[in-house]
Amino acid sequence: MPTKRNIILAFLSIYREDSRIYYYKHSRQNGEIIEGVQSNEAAVKYILQNIAEREGNIDRIFLLVSKKVKRDIFAINNENLPNNDILKRMGGRMDTLTFFKQRIMTDFSYISEEKFATIDYDEDKEGIDAVLTMAQQVREYAEKEKIEPESITMHADMTGGMRNATMLMLAIMRLLKYKGFQAGKVLYANFDKNKDRNNPNIIDDITDIYNIFDLIAGAEEFVRFGSVKAIQGYFNSQPNMDLSRECKHLVVAMDKFSEQIKLCRADTFNNALGILGRAIVAFKQNERMTATPQEKFFHEIAETIESKYAPVLRKNDDVIATIKWCAENGYLQQALTIYTEQIPGYLKNRGFFSMDKDIIERAKKEQGHQTIEYALFCRCQSNHFDKKVRNIVKYS
């Protein structure tokens, strides 16, 4: 069984000289109060305290740190500042990074100095540099420990850092997820200096919001490439989500359509389109008052999918519309398959040609598993006939 590891990603904020202990608790739990000199500390402690109990100890804490975070800022004359004994041992002054580490290591004995990895953030450079550097360090950690990315779960504190910190953290997580790393808890610790132990600050669990990006990416993947894997992965990752029957049927219909795109068979392709169209309509008409926020969000996405597929969903038996839609959306093999399999019958049914008994008999001998019209169509070498076919496809 592969070794499972947990890591934390965070962007560290500076401590101020008037800092003191503040109190926090998780928004969805009635657990114990968490103390933190600042919000970064509270969110990281929550992960260390709660995630580790269920999934194993945190193996590494990756911190983005600015120049200010590494600068000496604390004086010993602040009586409200905890761990003054640490400050005294350090000569009376300490930078935010060192103080943060000391606070964490004091409360969690298994966290040592070696558990921290820092990545410098230079405000004068492009933020993308920090994104790439942190992602690279995480990947190097996995390679050094000889652990597959799929066995590493990353938890994130989105609280601290510069104004663009949230976007930087989001970019780091999305890049690492693309590389195979698993996303865990995503937290944000709110801060109000007037809060106290009886009315503590709230640590919000924003994991559901982060995961919505997977649903959006899945919808884009389905619209552009006909793949439903990302959408299935999103819903499968949340087994306790209360989904309506119509929502489940829509995902199944999308999966069937995705499969037919790969198989590239004209008859089953059209059938899958019909099933998909009906599933979208049924899902949109289902307005459950008890629907989860995620399913309501999927309603918005379904409208975009319906709009993109509208030309073929409205008339999935319209051969010309289907060929045109396939070509415009990059499904060239599907367009050619439908053209060769269904255009012969389309032309015959509209009176472009007729067949006498002798032709039908000869065609029967050569048709194989295809229609008689198809066998005849493949033999036809008339330039005039081919020109008409091209004109029908182009102008219909």
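In the block above lies the structure referred to throughout.
Rules used throughout
Residues numbered from 1 in each chain as written. Predicted model: local features only at pLDDT ≥ 70, side-chain atom pairs only at ≥ 80, totals over all residues. Heavy atoms only, no water. Axes fitted to C-alpha atoms, helices over the stretch in contact; angles between N-to-C directions. Helix = DSSP H or I, 4+ residues; strand = E, 2+ residues; numbered from the N terminus. Parallel < 35°, antiparallel > 145°, perpendicular 65-115°, else oblique. Contact = heavy atoms within 4.5 Å. Nonpolar A, V, L, I, M, F, W, Y, C, P; charged D, E, K, R; others polar. Buried < 20%, exposed > 50% of the residue type's maximum accessible area, 1.4 Å probe, protein only. Pairing = 2+ DSSP bridges. Salt bridge = Lys/Arg side-chain N within 4 Å of Asp/Glu carboxyl O. Expected span 1.5 Å × (residues − 1).

Enquirer: What am I meant to see in the packing of helix H9 (residues 266-285) against helix H11 (residues 319-328) here?
Expert: Between two packed helices, the angle of one axis relative to the other and the distance separating the axes together describe the packing. Relative to each other, H9 and H11 sit at 90°, their axes nearing to 12 Å. Classified by the angle between their axes, H9 and H11 sit roughly perpendicular to one another. For the pair H9 and H11, the contacting residues are Phe269, Asn270 and Leu273 in the first and Thr322, Trp325 and Cys326 in the second. Of the residues in the contact of H9 with H11, the class split is 4 nonpolar, 2 polar and no charged.

Enquirer: Before we go on, may I ask you to explain the pairing of strand E1 (residues 5-11) in this structure?
Expert: A regular strand places its side chains on the two faces of the sheet in alternate fashion. The buried count for E1 comes to 7 of 7 residues, which makes it a mostly enclosed element. In E1, alternate side chains face the same way, and those of Arg5, Ile7, Leu9 and Phe11 on one face and Asn6, Ile8 and Ala10 on the other are all buried. In this structure, E1 lies alongside strand E8 (residues 152-157), joined through 6 bridges in parallel fashion. Opposite Ala10, over in E8, you have Asp157 as the bridge partner. Pairing between E1 and strand E4 (residues 58-65): 6 bridges, direction parallel.

Enquirer: Help me understand unusual backbone geometry, please; the structure alone is not making it clear to me.
Expert: Trans is the prevailing form of peptide bonds, just as negative phi is the prevailing case for residues other than glycine. One non-glycine residue, Lys146, lies in the positive phi region at around 60°. Assignment of secondary structure puts Lys146 in the loop between helix H4 (127-145) and E8. Although it is not a glycine, Cys264 sits at a positive phi angle of roughly 60°. Relative to the elements of secondary structure, Cys264 occurs in the loop between helix H8 (245-263) and H9. What makes Cys264 buried here is its relative accessible area of 9%.

Enquirer: Help me understand the side chain of Ser39, please; the structure alone is not making it clear to me.
Expert: Mapped onto the elements of the fold, Ser39 is located in helix H1 (residues 39-55). The residues touching Ser39, leaving out its near neighbours within four places in the chain, are Tyr24, Thr159 and Ala189.

Enquirer: What's the story with the pattern of salt bridges in this structure? I'm lost.
Expert: If the charged atoms of two oppositely charged side chains come close together, the side chains can form a pair. Enumeration over the complete set of coordinates arrives at 18 salt bridges. Residues Glu220 and Arg224 are paired through a salt bridge, measuring 3.9 Å at the closest nitrogen-oxygen approach. Here Arg224 and Glu220 lie together in helix H6 (residues 207-225), a separation of 4 residues that amounts to about one turn. Accessibility expressed as a relative area gives 42% for Glu220, which makes it partly exposed. Connected via shared salt-bridge partners are Arg5, Asp59, Arg60, Lys115 and Glu145.

Enquirer: It is not clear to me how helix H5 (residues 165-178) should be interpreted in this structure. Could you clarify?
Expert: One turn of an α-helix holds 3.6 residues; hence residues three or four places apart share an orientation. For H5, with 14 residues, the first-to-last C-alpha span of 20 Å sits near the 20 Å given by 1.5 Å per residue. For H5, the set of buried residues is Ala165, Leu168, Met169, Leu170, Ile172, Met173 and Leu176. Where H5 is buried, its residues contact E1, E4, H4, E8, strand E9 (182-189) and H6. Immediately beyond the C-terminal end of H5, within one or two residues, lies Gly180, with a positive phi of roughly 115°.

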